[in-house]
Amino acid sequence: MEQSLQYSNVLYVDDELHNLNSFKACFRRDFSVFTAQTVAEALRILKEQEIHLIVTDQRMPETTGIEFLESIIKDYPDAVRMLLTGYADIDAVVDAINKGRVFKYIQKPWEEALLRKTILEGLELYALSRANKKLTEELEENNKQMEFLLRQSLLS
């Protein structure tokens, strides 16, 4: 996993510029970090880059983090989603899990070592999910080939 870190694309969405700058300063050596101060910026980045993990603030002016994450599930189902918030709100936690399919919910202010560990766990989950998807596709293709060969042998 250590070798592939530099190829992991992490998007952080937060309306507070100093949070974006802190995040980038902490993690730019570990991952390819993309930041967005608005949902519109985040959507543009998602269209242009293959993002593996998304971290978003819960409370933003135009929408909540949960609403943003829920809105991108259809177009970006593989990206691992994490929610950061400075507010302890059990309803937000439940919504994050149920609606936004959030992998982890983290309290602000975040602790760098814990956030790094959590991001690494999320990226590992992403890698396992992609490997599983690839194996499933290969299995389906092998099954099609075996069915074809079986049909051919029955016709002979």
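Placed above this text is the structure.
Residues numbered from 1 in each chain as written. Predicted model: local features only at pLDDT ≥ 70, side-chain atom pairs only at ≥ 80, totals over all residues. Heavy atoms only, no water.

(A) Main features of the pairing of strand β4 (residues 80-85). Counting buried positions along β4 yields six of six residues, so the element is predominantly enclosed. The two faces of β4 match: Val80, Met82 and Leu84 on one face and Arg81, Leu83 and Thr85 on the other face are all buried. Bridge count for strand β3 (residues 53-57) against β4 is five bridges, and the pairing is parallel. In the strand pairing of β4, leucine 53 is matched with valine 80. (Buried < 20%, exposed > 50% of the residue type's maximum accessible area, 1.4 Å probe, protein only. Helix = DSSP H or I, 4+ residues; strand = E, 2+ residues; numbered from the N terminus. Pairing = 2+ DSSP bridges.)

(B) A look at the pattern of salt bridges. Under the criterion given, the structure shown has eleven salt bridges. Note that glutamate 48 and arginine 44 form a salt bridge whose closest N and O atoms lie 3.1 Å from each other. A residue pair is termed a helical-turn pair when its members lie 3 or 4 positions apart in one helix, as glutamate 48 and arginine 44 do in helix α2 (residues 39-48) at four residues. The exposure class of arginine 44 is partly exposed, given its relative accessible area of 42%. Each of Glu50, Asp78, Arg130 and Lys133 takes part in a single network of salt bridges with overlapping partners. (Salt bridge = Lys/Arg side-chain N within 4 Å of Asp/Glu carboxyl O.)

(C) Fine view of the nonpolar core. If you look at the biggest cluster of nonpolar residues, it comprises 18 residues, and the most contacted ones within it are Val10, Phe23, Leu53, Val55, Trp110, Leu115 and Ile119. Secondary-structure elements contributing two or more residues to this core are β1 (9-13), α1 (17-27), β3, β4 and α5 (112-155). The greatest single-element share of this core, amounting to four residues, is contributed by α5. With residues up to four places along the chain from it excluded, the contact list for tryptophan 110 reads Tyr12, Ser22, Phe23, Cys26, Phe27, Leu84 and Leu115. Core analysis: the second largest hydrophobic core is formed by 17 residues, Ala36, Ile66, Phe68 and Leu83 among them. (Core = buried A, V, L, I, M, F, W, Y, C linked by side-chain atoms within 4.5 Å. Contact = heavy atoms within 4.5 Å.)

(D) Here's a closer look at the packing of α1 against α5. Taken N-terminus to C-terminus, the directions of α1 and α5 make an angle of 70 degrees; their axes are 11 Å apart at the nearest point. The angle between α1 and α5 falls in the class roughly perpendicular. Across from Phe23, Cys26 and Phe27 in α1, the residues of α5 making contact are Glu112, Leu115, Arg116 and Ile119. Residue composition of the contact of α1 with α5, by class: five nonpolar, no polar and two charged. (Axes fitted to C-alpha atoms, helices over the stretch in contact; angles between N-to-C directions. Parallel < 35°, antiparallel > 145°, perpendicular 65-115°, else oblique. Nonpolar A, V, L, I, M, F, W, Y, C, P; charged D, E, K, R; others polar.)

(E) Structural context of the packing of aromatic side chains. Applying the stated rule across the entire model yields five aromatic pairs. Seen in terms of ring centroids, phenylalanine 23 and tryptophan 110 are 6.1 Å apart; in terms of plane orientation they differ by 80 degrees. Their pairing is edge-to-face. Here the residue phenylalanine 23 occupies a position in helix α1, and tryptophan 110 occupies one in the loop between β5 (104-107) and α5, the gap between them amounting to 87 residues. Residue class for phenylalanine 23 comes out buried when judged on its relative accessible area of 0%. On the basis of relative accessible area, tryptophan 110 is assigned to the buried category, the value being 17%. Aromatic ring contacts, followed pair by pair, group Tyr12, Phe23, Phe27, Phe31 and Trp110 into a single cluster. Sitting over the face of the ring of phenylalanine 103, lysine 104 holds its NZ or CZ atom 5.4 Å from the ring centroid. (Phe/Tyr/Trp six-rings, centres within 6.5 Å; stacked < 30°, edge-to-face > 60°. Lys NZ or Arg CZ within 6 Å of the ring centre and 35° of its normal.)

Geometric values such as these leave the question of function open.
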